[in-house]
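Overview (structure and organization)
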Amino acid sequence: MALRLVSDFDLRKDVLPWLRSQRAALAAAGARSGGPGVLENNYESLRILNVERNGNIIYTYKDDKGNVFFGLYDCRTRQNEHLYTFEKDLHVVSCSVNSERTLLAASLVHFTKEGRKNELQPGSKCLTLLVEIYPVNNVKVLKAVDSYIWVQFLYPHVESRPLAENHLLLISEEKYIEKFRIQVIQEDGNRVVLKDSGHLPRERVAEDFVWAQWDMSEQRLYYIDLKISRSVLKCIQFSADGKFNLMFEAPLDITLSDSGFKLVNFGCDDLQDRKNLSKHLTLCVFTNHTGTLCVCYSPKFDSWEKITYSVFYFHKGHSKTFTAALGSVDSHVTKGLTFLNLEYYVAVYLPGHFFHLLNIQHPDLICHSLFLTGNNEVVDMLPHSPLQSLSGSLVLDWCSGKLYRAVLNQSYLLQFLWNTQLDCEKMAVLHCVLSCGRDPQFLEAKLIQWISENVSACHSFDLIQEFIIASSYWSIYPETSNMDKLLPYSSVFAWDTEIPGITLVTEEIPLPFMKVHSFKGYWEKLNSNLEYVKYSKPRLLYDNSMVRKEWHSLISEEKTERRRSMVYMRNIRENAMKVISNLEARNLEPRLTPLFQEEDSHQRLLMGLMVSELKDHLLRHLQGVEKKKIEQMVLDYVSKLLDLICQTLETSWRKHHLHPWLLHCRQARAAEFTVFHLMTRILEATRTLFLPLPPGFHTLHTMLGVHCLPLHNLLHYIDNGVLLLTETAVTRLMKDLDNSEKNEKLKFSIIVRLPPLIGQKICRLWDHPMSSNIISRNHVRVLLLNYKKQPRSSMIDKSPGSVEFLPLNYFIEILTDIESSSRALLAFEGHDNVDAKFVEEAALKHTTMLLGL
């Protein structure tokens, strides 16, 4: 299944054996009081009450006499501890323990014999008690009311020393929240007691709310205020000293007036009828360390055929309302919709129907989220009991008493990638694997293997482009914040193809109004996201358009022999050298593919330009980041782009057992065709994005093309710019191929397509009359460029070796005169072995060939 629940805690495994051992110890000692009581046939009373910020789990159980016991499971030591015992048959509503485990707060209800569970009878009281438990001592009544109360201790962010002051939240069913300030002192050594139990200062935190959620990890309180005509989401941040601030207000376009009272993550109570969850709305707030703020909302079900849920992406300034088809009319929904926080993703899960993995970091396109319906086994692999999403990726299954850590199942996702046929699912899983991978090198290797064998499998997007851009993005994303606004996350910026089984509507929403002006940590990042949504039009994502323009300009100047300043060009070359050095430092293993074995000035120029432009882009927009760090990030990013291309080639090269010297093979095998096709797709992908290629790529690509393609196809690829005739590639061809009729035709076809300067060099490597003819023609052209016609004698002096062909004799005499009068013109690319005699011999040989003599 796509989502894997790793068990962190299980009441039956982690608590029950300890309780039995305690019972056995008591029985052996003959003890009749103190410590846990007997748990005879009362296992169903054991349940979780709360999960504190430090991960400790508070649970309760009853013995056969109805006494209520409180226990704590330490997640670090994996040890159990007995906290307190109420020797009365009470029902526990809520419980919390302070970080030092010296105070216990509990809310309990006494039920009359006629009273039904979950209902307060007239005259019955909900007692909220504060107990000194280090050691067990006094009990103070904080509240005695006819409405339910929930309790929650605040936890400091740093647990370095015992605190002299504790802070306790009381949440009332009467729609108000209070905070008690509790001072403690030590007596008789380590004995901890209340300093002034008669007077505990309190202050009102919130009132007139209908929904509230507690974030135990970040110590935040979210609640919805209904004082005005519309729902307003508010957030209060508590600090270590117990002070609190209202951080923001955000209007919500949802209806809560008739939904009753709802609490989220204030412990684990059983006061709600869990069997009818589908009849109630679901609402929860999710954040992560990058400054995201999502509100997930599902209204009451009004149809058995479809379900609607909304996600408010406040950090992006829009909401998306999804409508998922449930299949047949008979497929009744008996379970509630579950939202699970998975850091960069939110999972929306309806048991037996669908599983939707929403990308909250980049929610703009639906193709970056994975939607699986009831036709897929994944929707039946997760528990069908209600799941409660706690802070981080913790998930509580309160029915079974298990606490899980939700992680994306990489092996399943990789297998799913091989089997799925839909482009949208391939796109979503590719990003999911890269963003949540805990072993990037292993995952990249698996993805490269899949891409190499399915390079043409996607029709809606370029698979190689998407992999290169996404993988490079995630390799550098953790380095600093705001990188998601400056670097491209995907090669796709629009998606019009429908996703089977689901539709969506996107709407702009009002941004949260920040109530404070000084931000740190998460709040600084959230505020940065909101400022970006407000003011960054158009987007600030980097692209290579400036690099493309500058690169073409430099290439044109090179052809016209105009040059930029030496300092500028040296800086570009040094950038390229740094990238290659950085890339080589990453890969210590030798490569089989013959790359990085030539200069390839054009690709190095492109590398250097990209480093320069990307560095300038990040320096403009990354405020407060050291220049040296930005320079290293840029080098890492460009190196990663090149490394992914090299890895893709290396994987295919090794799989097909190719030899570096391809022309030694007499006939191309299917393996060479496969690698050639892959290289062509890589070239196509990088050209569209104008990304650099490893030096030597074009040479290797051309050599494979010569080896695999018929001559007419080869020339078509060359003429259309798919294959580039590099000097290295052509030199290899001239030296390695013999002068058979087929190869002569190939060589001549290539030579005539070369730029003049390179063509002149290459002709000297081919010992053939045709190359001599080309050399002679070029030599004559050079000599005659500045030739000025002068009066000449009508008599032609015949030299002893002259030919009885007057036009040729006359022409050779002119060339000889020019040579003798201007030796400087004979500097033909550093060679002086071309003269009039050579031209004469070449001309005769060429004429003889044409006449068939």
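Residues numbered from 1 in each chain as written. Predicted model: local features only at pLDDT ≥ 70, side-chain atom pairs only at ≥ 80, totals over all residues. Heavy atoms only, no water.

Observations regarding the side chain of His-368
- In this fold, His-368 is placed in the loop between strand S26 (354-359) and strand S27 (370-373).
- Those residues in contact with His-368 that lie beyond four places of it in its chain are Tyr-345, Asn-359, His-362, Met-427, Ala-428, His-431, Glu-466, Tyr-489 and Ser-490. (Helix = DSSP H or I, 4+ residues; strand = E, 2+ residues; numbered from the N terminus. Contact = heavy atoms within 4.5 Å.)

A closer look at the side chain of Asp-600
- Inspection of the secondary structure assignment puts Asp-600 in the loop between helix H9 (566-586) and helix H10 (601-621).
- Although Asp-600 is buried, it forms no salt bridge, and the closest oppositely charged side chain is Arg-604 at an N-O distance of 7.2 Å.
- Within the structure, the side chain of Asp-600 is placed 3.3 Å from the backbone nitrogen of Gly-696, a separation counted as a polar contact. (Buried < 20%, exposed > 50% of the residue type's maximum accessible area, 1.4 Å probe, protein only. Lys, Arg positive; Asp, Glu negative; His and termini not counted. Salt bridge = Lys/Arg side-chain N within 4 Å of Asp/Glu carboxyl O. Polar contact = N/O pair within 3.5 Å; in protein donor to acceptor, adjacent residues only side chain to side chain.)

Details of the environment of Leu-194
- Mapped onto the secondary structure, Leu-194 falls in strand S13 (residues 191-194).
- For the pair Leu-194 and Glu-132, spaced 62 residues apart in sequence, the C-alpha separation works out to 7.6 Å.
- Not counting residues within four places of it along the chain, the set of residues in contact with Leu-194 comprises Leu-103, Leu-130, Glu-132, Lys-140, Ile-182, Gln-183 and Val-184.

Section: the sheet that holds strand S21 (residues 293-298)
- In spatial order, the strands read S20-S21-S22-S23-S31; together these five strands make up an open sheet with antiparallel pairing. The open sheet has two free edges, formed respectively by strand S20 (282-287) and strand S31 (502-508), since each of these has just one partner strand. Along the sheet, successive strands turn relative to each other by an average axial angle of 15°, direction set aside.
- Where strand S22 (residues 306-313) meets strand S23 (residues 318-325), eight bridges bridge the pair, whose relative direction is antiparallel. Within S23, the position partnered with Phe-312 by the bridge is Ser-319. (Pairing = 2+ DSSP bridges. Axes fitted to C-alpha atoms, helices over the stretch in contact; angles between N-to-C directions.)

With respect to the packing of helix H13 (residues 697-708) against helix H15 (residues 727-736)
- Put simply, H13 and H15 touch, their axes get as near as 8 Å, and they point 40° apart. In terms of crossing hand, the pair formed by H13 and H15 is right-handed. Facing H13, whose interface residues are Thr-699, Thr-702, Met-703 and Val-706, H15 presents Thr-728, Ala-729, Arg-732 and Leu-733.
- The residue inventory of the contact of H13 with H15, partitioned by class, reads four nonpolar, three polar and one charged. (Left-handed = near helix turned anticlockwise from the far one by under 90°. Nonpolar A, V, L, I, M, F, W, Y, C, P; charged D, E, K, R; others polar.)

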